[in-house]
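# Commentary on secondary and tertiary structure
Chain by chain, the residues:
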Amino acid sequence: MTTQELIAQIKKKNSFLCIGLDVDLNKIPSHLLKEEDPIFAFNKAIIDATHHLCVAYKPNTAFYEAYGLKGWQSLEKTIQYLNSNYPEIYTIADAKRGDIGNTSTMYAKAFFEDLAFDSVTVAPYMGKDSVEPFLAFKNKHTIMLALTSNEGAFDFQTKEVNGRELYKEVLETSKGWKNSENLMYVVGATKAEYFKEIRKIVPNSFLLVPGVGAQGGNLQDVCTYGLSENVGLLINSSRGIIYASKNEDFATKAAIKAAELQQEMAEILNQ
Ligand SMILES: O=C(O)c1cc(=O)[nH]c(=O)n1[C@@H]1O[C@H](COP(=O)(O)O)[C@@H](O)[C@H]1O
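Source: prediction; values computed, not measured.

With that settled, consider the UniProt feature "active site" (unreviewed entry) in the protein chain. According to UniProt, the feature "active site" (unreviewed entry) maps to Lys 96 in the numbering used here. On the secondary structure map, Lys 96 appears in strand β3 (residues 90–97). When its relative accessible area of 40% is taken as the criterion, Lys 96 is described as partly exposed. Setting aside its immediate chain neighbours within four residues, Lys 96 contacts Asn 60, Thr 121, Val 122, Ala 123 and Leu 145. Of note is the side chain of Lys 96, whose polar atom sits 2.8 Å from the side chain of Asp 94.

Written out as C-alpha cells, the structure is:
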C-alpha cells in the first residue's frame, strides 16, 4: 500500500487507530478453545467487529511463533483474511527484524512477499546495510524503532552519541539511506514529551505509536506534537482493545473500546 492510500483511508474513516493482534491463548474466551484454530477464530471475530473503526492491524509475530507451526499458520490465515476481505486495511508485521544484508533480504521476502504484509518493524542496531534490503521493496514500509515505549529505552536510546541522543542520530542518519521515503518510525506513546523534538527531525514521516491503553500512554498528549500535516500517526492499542472481555461478547466489547479511541481521534482531526 502506498502512503497516499493510507492517508486516504485515515481521512475517510476519521481514524488513525491500529489494533494490535497479540493473541495469547490464556487470555481469549474459553469457548474459542474448542475451535480448530482458536487464534484465527479470535482474530476473525475481532477484525469483523472493528475494521470500520481502525486503519491498521498489527499482529506481533511473537504471539504466533510461541505456538510453533500452528501459530505461524494462524498468522498466515489472519493476513490472508485481511487482504482478501478488507484490502483497504494497512497491515504491520511486528517482527522487529534486521540482520546482515542477505539475511535481511530473506526476512523482507518472508513478510512482504510470502505473507504479503504492507510493512514490517525492524531494529536499527545493525545499521544501514541491515535496513536497506527492506527499503528496496516498492509500496512497502519499513518501520524502524526510534524511541521505544519501555523503561529500557533509557538504557541506550536517550544516551548521547556524536553530541545528540541516540534516537535522534537514528532518525537523522536514516533519512540519508536509499529509498528512505519507505521508512516509518516507532515512537512510544509513553514518551509524549519527546514528540516535539522528533517532529523537528522527521516532520512528515509516519510514526507508529504503541503504548496507549495497557502501558498508560495518552492519545491527546501524543497528538499535541505528534500530528503532522498528513496526520502522520498510527496509534496502536493491543491488550486495551482485544481483551476488553473474556466472555462470548469479546468482539462487541473490543469494538466499544476501539470506538472510544476512534471518536477521540475524530475530534482531534476535526479541531
Ligand atoms: O514495535 C512495537 O509495536 C512496539 C514498540 C514499542 O516501543 N513498544 C511496544 O509496546 N511495541 C509493541 O506494541 C504492542 C503494545 O501492546 P499493548 O501494550 O498491549 O497495547 C506490543 O505488540 C509491543 O510489542
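Next up on the list: the nonpolar core. Membership of the largest hydrophobic core comes to 92 residues, with the highest contact counts inside it found for Leu 6, Phe 16, Phe 42, Ile 198, Leu 207, Leu 233 and Ile 235. Among the elements that line this core, the one with the most residues is helix α12 (residues 250–269), at nine residues. If near-sequence neighbours (up to four positions away) are discounted, Ile 235 is found in contact with Phe 16, Leu 17, Cys 18, Val 209, Val 212, Leu 219, Val 222 and Met 265.

A few words now on the site of the ligand. Around the ligand, 16 residues are found, and the nearest of them are Asp 22, Ser 149, Gln 215, Ser 238 and Arg 239. One of the side-chain nitrogen or oxygen atoms of Asn 60 is found 2.9 Å away from an oxygen atom of the ligand. One nitrogen or oxygen atom from the side chain of Gln 215 is found 2.8 Å from an oxygen atom belonging to the ligand. Protein chains bury 89% of the 500 Å² of accessible surface belonging to the ligand in isolation.

What counts and what doesn't
- Residues numbered from 1 in each chain as written.
- Predicted model: local features only at pLDDT ≥ 70, side-chain atom pairs only at ≥ 80, totals over all residues.
- Heavy atoms only, no water.
- UniProt positions renumbered as here; feature names shortened; annotations may be inferred.
- Helix = DSSP H or I, 4+ residues; strand = E, 2+ residues; numbered from the N terminus.
- Buried < 20%, exposed > 50% of the residue type's maximum accessible area, 1.4 Å probe, protein only.
- Contact = heavy atoms within 4.5 Å.
- Polar contact = N/O pair within 3.5 Å; in protein donor to acceptor, adjacent residues only side chain to side chain.
- Core = buried A, V, L, I, M, F, W, Y, C linked by side-chain atoms within 4.5 Å.
- Near = heavy atom within 4 Å.
- Areas by Shrake-Rupley, 256 points an atom, 1.4 Å probe, with all protein chains shown as cover.

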